[in-house]
Amino acid sequence: MVNDTTRPALHIGEAVPGCKKIDPIIIADNVTRKFGGMTAVDVPHIEVPRNAITALIGPNGAGKTTLFNLLTGFDVPNTGEWSFNGETISGKSAYKVAQRGQVRTFQLTKSLALLSVLDNMKLGATNQRGEGLLHALLPWTWKAQEAEVEAKAVELLARFKLDTKKDDYAASLSGGQRKLLEMARALMSDPTLVMLDEPMAGVNPALTQSLLGHIVDLKAQGMTVLFVEHDMHMVQTIADWVIVMAEGKIVAEGEPSVVMQDQAVVDAYLGSNKDRDLGELVAEIKREVAAGADPALAGDDLSLEKE
Amino acid sequence: MSSDFTFIWVAVGALFDPITIAYALAALGLALHFGFTGLLNFGQAGFMTIGGYAFAIGAVKLNVGFFPSLLMAIAGAVLFALLLGIPTLRLRADYLSIVTIGAAEIVRLSVRTPEARPLTGGSDGLNGTGASFFALNPIPDTFSINLGPIHYTNDMVWVRLVGWITVIVAALIIWLLVRSPWGRVIKGIREDEDAVRALGKNAFSYKMQVLIIGGVLAGIGVIFAIMPSSLQPDNYGTQTTFFIWAIMLLGGAATIFGPIVGSMIFWATIAITEGFVSLGVKTGVLPITPVQSGQIRYMLVGLALMLLVIFRPQGIFGKKAEARFNG
Ligand SMILES: Nc1ncnc2c1ncn2[C@@H]1O[C@H](COP(=O)(O)OP(=O)(O)OP(=O)(O)O)[C@@H](O)[C@H]1O
Ligand SMILES: [Mg+2]
């Protein structure tokens, strides 16, 4: 699952903040977003490489979610324009951006509580005839397509270990399961670019492993992934490229192994556990708990790996 | 003494009354707005006023006949929905509620101003709007039904017949809509509009469609109430909107039969409580004046609604699980 170290280069020239990519899927210029006096995002230039997995990392409040919101049409910038797949999409509404194949998930999960898990999934499918008012009244015009959509949904749910829940209300899912549902739902549309805002937050380690596999799979299927994540283990495991934000600006960019060594990044963000394997860390905490250490303390240790 | 119990027959009649039809359609429209899509429309009475006046003006001022007048009512409701929806449906949900409650009052006050009297009849409203509809009545004059002491003429049967067929057709259309992929989108909007937009659906357009369809139902329904009697602007105030809300919640907000049966129960209950209260006043059991008795019955309705919200928050036809996860 770990990415090949001999992967082809993604960038042109030196790997500096805002560097050009050989085959960019998103190109953005002069993107700024101010909240009152505070500048949440100030990015002169950013390019996201196509058919690669790019991690967007940075401390809390760095502006990662705000940048996501801008690029997906959920927020309006003070300045800036950008293109997706060579087409200018700045100023386009969120639904139009999604229709072009740039689909996102949210940091604060948005499961549709009083819809069944299956209905949540079906909503993700695009070009559904029955979603038009007139066709909706004529069930025979959409029943066949509905069956296809359902088959696809069930298959994806199985991959995300949610198939047994398909007839339950999404409201009955656990927090982690809702994250999974939202990700699976986004994939129903066969997107070109998937933007995941902290997809693994609250997902247990065993499932994280298999989900990382799925994300790498997405790339194999030709998709591009841009994700925000605080879990450095995940970033190191699957990212081809890392972009580091702090206080609204891009402060570093590069291949994971290189960026993780960058002293500025390490100091500002990564903390002391950056080189350690997640499993090793968990094993150590287990030993401490077994040895009678304060469980609350163990909880603190656990959080290190996320911070 | 037996004649004092005629209110039982009045209550039975209320189950199928044209007023019940009007409120059933308005509540069905509101269920589509609120129960299925989450739109906070507090101006359903405004849609009734617009539909009622558009129809009445067509019928008695322009004399264009029943079907063109009906089309005018539909067009009026569509325009009203566009007028309310275009500025508010892109904003947060609460803006629609503020605008609809205000707009409904503006409409009511406008049609009843003396300046509008030549067209709307001012505060007196309009009479005789049903003439062209009753002219279409195929039921012979000789036909009539007696329900207890109440006598139903052929015209009274005709308006109820067409009214309830309309209710059934409307219910069928809404039922087809909400169980389709279109219905899935609007329920998604109810749960979280941003999630739906993130999946590539034009939430604004769906909300607009919903506002129009639900508003048109109210605009059509009111016609059945005014044709056999008259159109009175003050019958469609804010109180009407809240009755429609009560009816919808009584039956179950995200249901189809709920608003319809809710309307039947609501109006029958009003008739029964009215009957009991006036009986109590007459026999001296209740130490109140007849004027106060009018207030008492609404207090009883309020009490019934409170009990309903406490013991069956999902309404009569609603699913229990929905209330659980909502709470
Ligand atoms: N709607 C808003 N109104 C005012 N300030 C906002 C708003 N949204 C974000 N901010 C501010 O913008 C900054 C960036 O927030 P953002 O959510 O983008 O951070 P983030 O990098 O996603 O952080 P985290 O890792 O905690 O999710 C924060 O200081 C935040 O307080
Ligand atoms: Mg964030």
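Enquirer: Even after reading the chapter, I still don't get the site of ligand 1, so can you show me in this structure?
Expert: Residue and element names in this part refer to chain A. Close contacts around ligand 1 come from 13 residues, with Asn60, Lys64, Thr65, Thr66 and Gln107 the closest. Between an oxygen atom of ligand 1 and a main-chain N or O atom of Gly61, the distance comes to 2.8 Å. Take Ala62: an N or O atom from its main chain is 3.1 Å from an oxygen atom of ligand 1. Here ligand 1 loses 61% of its free accessible area of 640 Å² to cover by the protein chains. For the shell around ligand 1, the leading source of residues is helix α1 (residues 64-71), giving three residues. Here the shell around ligand 1 is composed, by residue class, of four nonpolar, seven polar and two charged.

Enquirer: What should I look at first to understand the domain arrangement of chain A in this one?
Expert: Often, the extent of an interface is quoted as the loss of accessible area on bringing the components together. Residues and elements named next belong to chain A. Parsing chain A into structural domains produces domain 1 (1-111 + 191-307) and domain 2 (116-172). Contact with domain 2 buries surface across domain 1, with Ser111, Leu207 and His214 losing the most and accounting together for 65% of the total. The interface formed by domain 1 and domain 2 contains zero salt bridges. For the pair domain 1 and domain 2, the number of links is one residue pair in polar contact (both at pLDDT 80 or more). Taken together, the residues that form the side of domain 1 that touches domain 2 break down as two nonpolar, three polar and no charged.

Enquirer: What is the right way to look at the side chain of Thr141 of chain A in this model?
Expert: All names here are of chain A. Mapped onto the elements, Thr141 comes out in the loop between α4 (133-136) and α5 (143-159). Polar side-chain contacts of Thr141 include one of 3.3 Å to the side chain of His135. Among the polar contacts made by the side chain of Thr141, one reaches the main-chain carbonyl oxygen of Leu138 at a distance of 2.6 Å.

Enquirer: Could you clarify how one ought to interpret empty space enclosed by the protein in this entry?
Expert: Over the atoms, a rolled probe matching the size of one water molecule traces out where space is still vacant. All names here are of chain A. This model, assessed by the stated rule, comprises two cavities of 30 Å³ or more. Put simply, the largest cavity is a space of about 40 Å³. In this structure, the largest cavity is lined by Thr105, Phe106, Lys179, Glu182, Met183, Leu196, Asp197, Glu198 and Pro199. For the lining of the largest cavity, the elements supplying multiple residues, two or more each, are α6 (175-187) and β7 (193-197). A per-element tally of the lining of the largest cavity places α6 first, with three residues.

About the criteria used
- Residues numbered from 1 in each chain as written.
- Chains lettered and ligands numbered in written order.
- Predicted model: local features only at pLDDT ≥ 70, side-chain atom pairs only at ≥ 80, totals over all residues.
- Heavy atoms only, no water.
- Near = heavy atom within 4 Å.
- Polar contact = N/O pair within 3.5 Å; in protein donor to acceptor, adjacent residues only side chain to side chain.
- Areas by Shrake-Rupley, 256 points an atom, 1.4 Å probe, with all protein chains shown as cover.
- Helix = DSSP H or I, 4+ residues; strand = E, 2+ residues; numbered from the N terminus.
- Nonpolar A, V, L, I, M, F, W, Y, C, P; charged D, E, K, R; others polar.
- Domains from an automatic or database assignment.
- Buried area = accessible area lost by both parts, 1.4 Å probe.
- Salt bridge = Lys/Arg side-chain N within 4 Å of Asp/Glu carboxyl O.
- 1 Å grid on protein atoms, 1.4 Å probe; cavity = no way out; pocket = protein on both sides within 12 Å on 5 of 7 lines; lining within 4 Å.
- Points joined across faces, edges and corners; volume = space filled by probe spheres on them.

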